[in-house]
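Chain by chain, the residues run as shown.
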Amino acid sequence: QVQLAESGGGLVEAGGSLRLSCAASGTIFSINTMGWYHQAPGKEREMVALITSGGRINYADSVKGRFTISRDNAKNTVYLRMNLLQPEDTAVYYCYAAIVNMRGGPLYGYWGQGTQVTVSS
């Protein structure tokens, strides 16, 4: 049993900032990749930023230079600092974590319920 608890979404004006947080809890042996996806109205879900257990980071081209992903392994938490937000960033943001529940067990992907980010112009 794993839960991804998201926080930090909201309404912000263009040029503003938000910080999203996602804490994993439950039966966890290790967390591999963690990150964020978003889904805008009428669009499919797409990757925003991912960070592996080894620290390798991938950003969508649209957010490079504006968003920063980080993780605190002691807290099983991943963060997304979003600066210079634009109306095009408006979407539901979903936390993702690839987790091994027990030693020697398989890797499973888990999703948060999503948090709405709305950027006004």
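Because the structure is a prediction, the values reported are computed rather than measured.

## As for the pattern of salt bridges
Alright, step 1. In total, this model carries 2 salt bridges according to the counting rule given.
Alright, step 2. With its nearest N and O atoms 3.1 Å apart, the salt bridge here joins Asp61 to Lys64.
Alright, step 3. For Asp61, a relative accessible area of 64% gives the class exposed.
Alright, step 4. Salt-bridge contacts for Asp89 lead to Arg66; the nearest nitrogen and oxygen are separated by 2.8 Å. Taken together, the positions of Asp89 in the loop between strand 8 (77-82) and strand 9 (91-100) and Arg66 in the loop between strand 6 (57-59) and strand 7 (67-72) put the pair 23 residues apart, joining distant regions of the chain. For the pair Asp89 and Arg66, one class covers both residues: buried.

## Here's the deal with the state of the cysteines
Alright, step 1. Taken as a whole, this structure holds 1 disulfide when the rule is applied.
Alright, step 2. There is a disulfide in this structure between Cys22 and Cys95, and the S-S distance comes to 2.0 Å. Residues Cys22 and Cys95 share a disulfide whose torsion about the S-S bond is about -85°; that sign makes it left-handed. You can see Cys22 sitting in strand 3 (residues 18-26) and its partner Cys95 sitting in strand 9, a full 73 residues away along the chain. The two residues Cys22 and Cys95 agree in class, both being buried.

What counts and how
- Residues numbered from 1 in each chain as written.
- Predicted model: local features only at pLDDT ≥ 70, side-chain atom pairs only at ≥ 80, totals over all residues.
- Heavy atoms only, no water.
- Salt bridge = Lys/Arg side-chain N within 4 Å of Asp/Glu carboxyl O.
- Buried < 20%, exposed > 50% of the residue type's maximum accessible area, 1.4 Å probe, protein only.
- Helix = DSSP H or I, 4+ residues; strand = E, 2+ residues; numbered from the N terminus.
- Disulfide = S-S within 2.5 Å.

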